[in-house]
Amino acid sequence: MSSTEDLEYPQVLIQYQNGFLISKILFTACELGVFDLLMESEGLLSSDTIAARLGTSVSGMERLLDACVGLKLLRVEMKNKEAFYSNAEISKLYLKKSSPKSQHHNLMYYSKTIYLCWHYLADAVREGKNQYEKAFGISSKDLFEALYRSEEEMLKFMSGLNSIWSICGRDVIAAFDLSPFHLIYDLGGCAGALAQECISLYPNSSVTIYDLPKVVQMAKKHFVSPEERRITFHEGDFFKDPIPQADLYILARILHDWGDEKCVQLLTKVQKACKPGGGVLLVETLLNEDKSGPLETQLYSMNMLVQTEGKERTPAEYSKLLEAAGFKETQFKKTGKLYDAILGRK
C-alpha cells in the first residue's frame, strides 16, 4: 500500500486504537474461564451452554466467543444454523490453566495490575515516576511493598513470572555455558522457575534463591517442592543485607526495575561477593543500540515507567553498568524471544 493510500485510510492507526480492546477480550475470556471450560468439554459447546455454565448473559458471551474466533483463539462450527465453539491450538497450549506453558496467570497480572497503571501513562510521562499510588491508592515509596500488596497479589505476580520462564527460561539459561559455575545464587529468584532450569541443564550445580522472606515463604509453599534438594533458600533484602560468596549470580528482571545508581550499587555488592573467575548473569529484554526497537522492549520500557523506578536498556548501557561495578568482561546473547542474556565476568 502506498503512503498516499495510507493517508486516505489510516488502517494502522485503527489497529493501534483497537489494541487495548483486543487485550481486554483476551483477559476477559481467561478470567471468565472460557478456555478451561472448552478444554474440559468432550466436544463442541454452544454459546448458550457456555453462558449457562459460566454464569454470564447469553448475548454477552456470544459476542465474546465470536471476538475470540476473530482473534483465532477459538474455532467455530455451524450445525443446524447454530454456532459451536472449541479451543484453537494456541489456546490449548497457552491459555488453559493446567497447561505446563500456560500464560493465564501472567495475563491476569496484566489485566488486574498493569492495565490499571497504564490508565495513568500520560501522568507518568509528565511526572517521570510510577503510578502505583494513583492506580491503587497506596504509597509506592517501597516498590516491592506495592508490588506485593497482598498475598493474593504476590501469588499472582509469582505465578506470572513462572509463566514467562516456562516459555523462555531455558533459552536464557542456555545462552552461555554455565557449567563452570557450581554454586549459583539467584537474586530475586522469586518462584524458582529459573533455578529449576539451572539444575536441569547443569546437574553438577546447586542454586540458592535469595529473596524477601515473604517471597521465600510463598515459593516454598506453592512452587518449589521439598524434594528438590539442590535448590535452597536465603531470606533477606540483597540491597541491604550481605550477599554470600558464590560462583555465579543471576539477576533476572531485576535491574530494569531501578535507576542506574541503584543498579551500580547492587552490581558492586555482587562483584565484591563473587569468587575470582565468577560472574553475573543478567536476564533482561534488550533494546537496539539506537533504541529503534524491538517494539516489545519499547513497550516494556514504558511499563517500567508506570510501574517502577527503572527502564529497559541497550547492551552498551548494561555494559557500562557492569564496568562501573568492576566487571571486566561482558558478553551479550539475543535469544529471539522476550528475554536476552548478559554475562559479566569478574
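Residues numbered from 1 in each chain as written. Predicted model: local features only at pLDDT ≥ 70, side-chain atom pairs only at ≥ 80, totals over all residues. Heavy atoms only, no water.

As annotated in an unreviewed UniProt entry, the chain is Acetylserotonin O-methyltransferase from Sphenodon punctatus. According to its UniProt record, the chain has this under Subunit (unreviewed entry): "Homodimer." The UniProt entry for the chain carries the following text under Function (unreviewed entry): "Catalyzes the transfer of a methyl group onto N-acetylserotonin, producing melatonin (N-acetyl-5-methoxytryptamine)." (UniProt positions renumbered as here; feature names shortened; annotations may be inferred.)

**Student:** I'd love a proper account of the UniProt feature "domain: O-methyltransferase dimerisation" (unreviewed entry) in the chain, names of residues and values included.
**Tutor:** Sites flagged by UniProt as "domain: O-methyltransferase dimerisation" (unreviewed entry) map to residues 15-96. A helix fraction of 62% and a strand fraction of 17% characterise residues 15-96, whose end C-alpha atoms lie 27 Å from each other. (Helix = DSSP H or I, 4+ residues; strand = E, 2+ residues; numbered from the N terminus.)

**Student:** Got a sec to walk through the packing of helix 12 (residues 151-173) against helix 13 (residues 193-201)? Specific residues and values, please.
**Tutor:** Relative orientation of the contacting elements helix 12 and helix 13 amounts to 35°, with a least axis distance of 9 Å. Note on packing geometry: the crossing formed by helix 12 with helix 13 is right-handed. Together, Asn162, Trp165, Gly169, Arg170, Val172 and Ile173 of helix 12 and Ala193, Leu194, Glu197, Cys198, Ser200 and Leu201 of helix 13 make up the contact between the two elements. Across the contact of helix 12 with helix 13, the residue classes break down as 7 nonpolar, 3 polar and 2 charged. (Axes fitted to C-alpha atoms, helices over the stretch in contact; angles between N-to-C directions. Left-handed = near helix turned anticlockwise from the far one by under 90°. Contact = heavy atoms within 4.5 Å. Nonpolar A, V, L, I, M, F, W, Y, C, P; charged D, E, K, R; others polar.)

**Student:** Please provide a residue-by-residue account of the packing of aromatic side chains, values included.
**Tutor:** A complete count under the given rule lists 8 aromatic pairs for this structure. Taken together, a centroid distance of 5.5 Å and an interplanar angle of 45° make the contact between Phe238 and Phe239 tilted. Summarising the burial analysis for this pair, Phe238 and Phe239 share the class buried. Taken together through their ring pairs, the aromatic side chains of Tyr210, Phe238, Phe239 and Trp258 make up a single cluster. (Phe/Tyr/Trp six-rings, centres within 6.5 Å; stacked < 30°, edge-to-face > 60°. Buried < 20%, exposed > 50% of the residue type's maximum accessible area, 1.4 Å probe, protein only.)

**Student:** Describe in detail the pattern of salt bridges, supporting the description with residues and values.
**Tutor:** For the structure shown, the criterion picks out 11 salt bridges. Notably, a salt bridge pairs Glu89 with Arg75, separated by 4.0 Å at the nearest N-O pair. With Glu89 in helix 7 (residues 89-94) and Arg75 in strand 2 (residues 74-79), this pair connects stretches of sequence that are 14 residues apart. Owing to a relative accessible area of 47%, Glu89 belongs among the partly exposed residues under this scheme. Ionic pairing is found between Glu317 and Lys291, a salt bridge with its closest N-O pair at 3.1 Å. Residue Glu317 is found in helix 17 (residues 315-324), and its partner Lys291 is found in the loop between strand 8 (274-284) and helix 16 (295-307); the two are separated by 26 residues along the sequence. A relative accessible area of 22% means that Glu317 is categorised as partly exposed. Given the relative accessible area of 41%, Lys291 is considered partly exposed. If you follow the salt bridges from partner to partner, you end up with Asp123, Arg126, Glu127 and Lys134 in one network. (Salt bridge = Lys/Arg side-chain N within 4 Å of Asp/Glu carboxyl O.)

**Student:** Can you tell me about the sheet that holds strand 10 (residues 340-345), naming the residues and giving the values?
**Tutor:** Pairing within the open sheet is mixed, and its 7 strands lie in the order 6-5-4-7-8-10-9. Each edge of the sheet is formed by a strand with only one pairing partner; in this case those strands are strand 6 (231-235) and strand 9 (329-333). Sheet twist, expressed as the mean angle between neighbouring strand axes with direction ignored, is 20°. Of the pairings in the sheet, the one linking strand 4 (residues 183-187) to strand 7 (residues 246-252) comprises 4 bridges and is parallel in character. Looking at strand 7, one finds that Asp186 is bridged to Ile250. Contacts between helix 12 and the sheet are confined to strand 7, strand 8 and strand 10, with strand 8 contributing the most and set at about 145° to the helix. Docked against the sheet, helix 17 engages strand 8, strand 9 and strand 10, running at close to 150° with respect to strand 9. (Pairing = 2+ DSSP bridges.)

**Student:** Break down the sheet that holds strand 3 (residues 82-87) for me, with residues and values.
**Tutor:** Taken in spatial order, the 3 strands line up as 1-3-2 in an open sheet, and their pairing is antiparallel. The outermost strands of the open sheet, each flanked by one partner alone, are strand 1 (45-46) and strand 2. Direction of pairing for strand 2 relative to strand 3: antiparallel, over a ladder of 6 bridges. By the bridge assignment, Arg75 is partnered in strand 3 with Ser86. Contacts from helix 6 (residues 58-70) reach strand 2 and strand 3, with the element oriented near 115° to strand 2.

**Student:** Tell me about the side chain of Asp340, residues and numbers included.
**Tutor:** The topology assignment puts Asp340 in strand 10. Buried charge without a salt bridge: Asp340, with Lys334 as the nearest opposite-charge side chain at an N-O distance of 4.0 Å. Separated by 3.1 Å, the side chain of Asp340 and the backbone nitrogen of Thr335 make a polar contact. Those residues in contact with Asp340, other than ones at most four positions away along the chain, are Val172, Leu282, Val283, Glu284, Thr285, Leu286, Lys333, Lys334 and Thr335. (Lys, Arg positive; Asp, Glu negative; His and termini not counted. Polar contact = N/O pair within 3.5 Å; in protein donor to acceptor, adjacent residues only side chain to side chain.)

**Student:** I'd like a rundown of helix 8 (residues 104-118), residues and numbers included.
**Tutor:** For helix 8, which comprises 15 residues, the first-to-last C-alpha distance of 20 Å matches the rise-based estimate of 21 Å (1.5 Å per residue) to within 8%. Largest kink in helix 8: about 35°, centred on Tyr110. Restricting attention to buried positions, one finds in helix 8 the residues His104, Asn106, Leu107, Met108, Tyr109, Ser111, Thr113, Ile114 and Cys117. (Expected span 1.5 Å × (residues − 1). Bend = angle between axes of the 7 residues up to and from the residue.)

**Student:** Talk me through the side chain of Asp211; I want residue IDs and the actual numbers.
**Tutor:** Mapped onto the fold, Asp211 is located in strand 5 (residues 206-211). Although Asp211 is buried, it makes no salt bridge; Lys214 carries the closest opposite charge, 9.7 Å away. The contacts of Asp211, once residues within four sequence positions are left out, are Gly188, Gly189, Cys190, Val216, His234, Glu235 and Gly236.

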